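# Results of the structural survey
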Amino acid sequence: MIRTENLRKDYGAKPVLQGVDLHVHAGEIFGFVGPNGAGKTTFLKCLLGIVRPTSGTIEIAGQEAVGQPLLARQRCAYAPGETALYEQQTGIGFLKFSLAFHLHADAKQGRQLMEEFELPLYQKVREYSHGMRRKLLLAQAIASNADILLLDEPMEGLDPEARRRVSDILRKEAHAGKTVFYSSHDLSSVERICDRVAFLNHGKILECASISEVLSKTSRAIQLIFNRAMTLEELPRAATLHWAGGETRWSLNYEGTLADALFSLKDLPVLSVRDASTSLEEVFAALYTEEGAE
Amino acid sequence: MILLRQFFCEHRLLVGGYSVFLLFNTLLSAFLWPDLKENLEAWSGIAKLLPLKAVQDVVWMIEKEGWWAYFGVQQLFKSGGVVAMTVAGLLGSMLVARDVDQRTAEFLFSRPVSRTQLFLTRWGAGLLFLQIPFFLTTLLFWGIGQSLGESLAFSHVLLAHLHVSLFVTALFTVTAWLSVISSHQLKPAMLVVGFMLFQLAIYMVQDLWSISIFKMIDLDHILPIRYGDFPWWQFLCFLGATLASLFAGIFCINRRDF
């Protein structure tokens, strides 16, 4: 659905994107993560033609987008990371304004989303909080009914309940065949929602793979507390299980599934179990430390 | 249509204030005429005492040409040249630079609408908001003149209005182009309005007034229209500046990164 090849963008002498190759499939939720200044927003702006790439190609829904950004914008809906809006407009006024540009927009759905997000329809946007503005931007992007949703930091400033709602909505959109491009710092939400993820730093893709693939490369572990002191001999032995610790506190590194690991503990006096597997956040930190060392 | 509506909503206070100001100026000026006409000799005497040659000339021309010169000064030069010029500078500067300044440009330029269309729609909207009150007050001034027994050929009024309104259009379009390449709305506004105020100051100085841009729309060029002498050269200059700035604006907006 989105394909970029050797996409470069320089601001003067400063390279912001250094040959980004990316392929996002239709119907997937694609996570795009990177630290501040990595080039995430510039990449999104290139897709929409808000900035002109220095070189490289962009294909959106099979159509070359660099020379004809309008075609790209017709297929995409964008919720920018910047929450500055037209302050004089009311919430519903802003929604109508933004949807008026999209041919297949569903104003009714937009209104429903605003109600679902508990946004006051007739309050001026200038009185909206940061989180409310974010929700409004998401509502207009979703209700525009475009094939591709480009979301820049969509969860920033949202409360946990709103995050859960947005996650559900995005999954529904992807299920309905829409492509969701999810650019974020919030790695826990990327891990929870996205099918695949790309790590960007200094304008280069460090890794691009499915979430499960990324996590499978890392160690999986659980921490256990027993209700009495245990010895290594008392603990189940297998080639896939590696124990460390002593007394009542043990750590188990396992291969295979968590269910298999837990099943092996069924006859033990376990008081508590805590997942200690590496999260996306740790993968992210490891990748960037590695790149920094290089 | 949505862009037009949004542009109007964003600038309704400026447009409203400008319209009301023009209306008051027109009504006050027009209804002051009978008194002024009766005391023209006294006014002429007072003007001779002033150190401003420009003002002396205006009073002298009103004495000579009557209502036509008064109409040219009050409606075309003051309302059009000075007031509309200031509003053109302010409104034109807000065309694009305001969105960059207020950080709404990223949202605006991500909409599925071409930049050329966006620029032209806003330019057209700004021009309408600028010209409609000016044109309506010109009609009103002319109408009041008729009711006061001062007849002017409508075609002459239209031609003179066209000349000054093209001056305002050129100024608005130059500001619009500067707005496309600016990152702060105040920069083009201050540049254009500051430049025009400087030109107005020059116009008031006897030895320098011939090089002021306001010389192109003053009574020396408006009065002869009545005698079939239209200021074509100046008119073509305004038209050229308008078209050049319009194309420059379209070119720049399509090349700029937001």
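Above this text is the structure in question.
Computed from a prediction, not measured in an experiment: that's the story for all the values here.

## Looking at the interface of chain B and chain A
On the side of chain A, 31 residues touch chain B, which itself brings 25 residues to the contact. Counting each side, the surface lost to burial between chain B and chain A is near 2500 Å², with a carbon and sulfur contribution of 57%. Between chain B and chain A we count 2 salt bridges in total. Here chain B and chain A share 14 residue pairs in polar contact (both at pLDDT 80 or more) between them. For the side of chain B that touches chain A, the secondary-structure elements that each account for two or more residues are α1 (2-10), α7 (105-108), α8 (115-147) and α12 (232-255) of chain B.

## Structural notes on the sheet that holds strand β13 (residues 270-275) of chain A
Hydrogen bonds between backbone groups are what pair the strands of a sheet, and the pairing can be parallel or antiparallel. Residues and elements named next belong to chain A. If you trace the 3 strands from one edge of the open sheet to the other, you get β12-β11-β13, paired in antiparallel fashion. The open sheet has two edge strands with one neighbour each: β12 (241-254) and β13. Taking the axes of each pair of neighbouring strands and ignoring which way they run, one obtains an average angle of 25° across the sheet. In the sheet, strand β11 (residues 220-230) pairs with β12 via 7 bridges, with the strands oriented antiparallel. Bridge assignment links Leu224 to a residue of β12, and that residue is Trp250.

## Thoughts on the packing of helix α5 (residues 67-93) of chain B against α8 of chain B
Residue and element names in this part refer to chain B. At a closest axis distance of 11 Å, the pairing of α5 and α8 adopts a crossing angle of 165°. When the axis of α5 is compared with that of α8, the two are roughly antiparallel. For α5 against α8, the interelement crossing comes out right-handed. Note on element contacts: α8 touches α5 through Gly126, Phe129, Leu130, Phe134, Thr137, Thr138, Phe141, Trp142 and Gly145, opposite Trp67, Tyr70, Phe71, Gln74, Gln75, Leu76, Ser79, Gly80, Ala84, Val87, Ala88 and Leu91. The residue inventory of the contact of α5 with α8, partitioned by class, reads 13 nonpolar, 8 polar and no charged.

Thresholds, definitions, all that
- Residues numbered from 1 in each chain as written.
- Chains lettered and ligands numbered in written order.
- Predicted model: local features only at pLDDT ≥ 70, side-chain atom pairs only at ≥ 80, totals over all residues.
- Heavy atoms only, no water.
- Contact = heavy atoms within 4.5 Å.
- Buried area = accessible area lost by both parts, 1.4 Å probe.
- Salt bridge = Lys/Arg side-chain N within 4 Å of Asp/Glu carboxyl O.
- Polar contact = N/O pair within 3.5 Å; in protein donor to acceptor, adjacent residues only side chain to side chain.
- Helix = DSSP H or I, 4+ residues; strand = E, 2+ residues; numbered from the N terminus.
- Pairing = 2+ DSSP bridges.
- Axes fitted to C-alpha atoms, helices over the stretch in contact; angles between N-to-C directions.
- Parallel < 35°, antiparallel > 145°, perpendicular 65-115°, else oblique.
- Left-handed = near helix turned anticlockwise from the far one by under 90°.
- Nonpolar A, V, L, I, M, F, W, Y, C, P; charged D, E, K, R; others polar.

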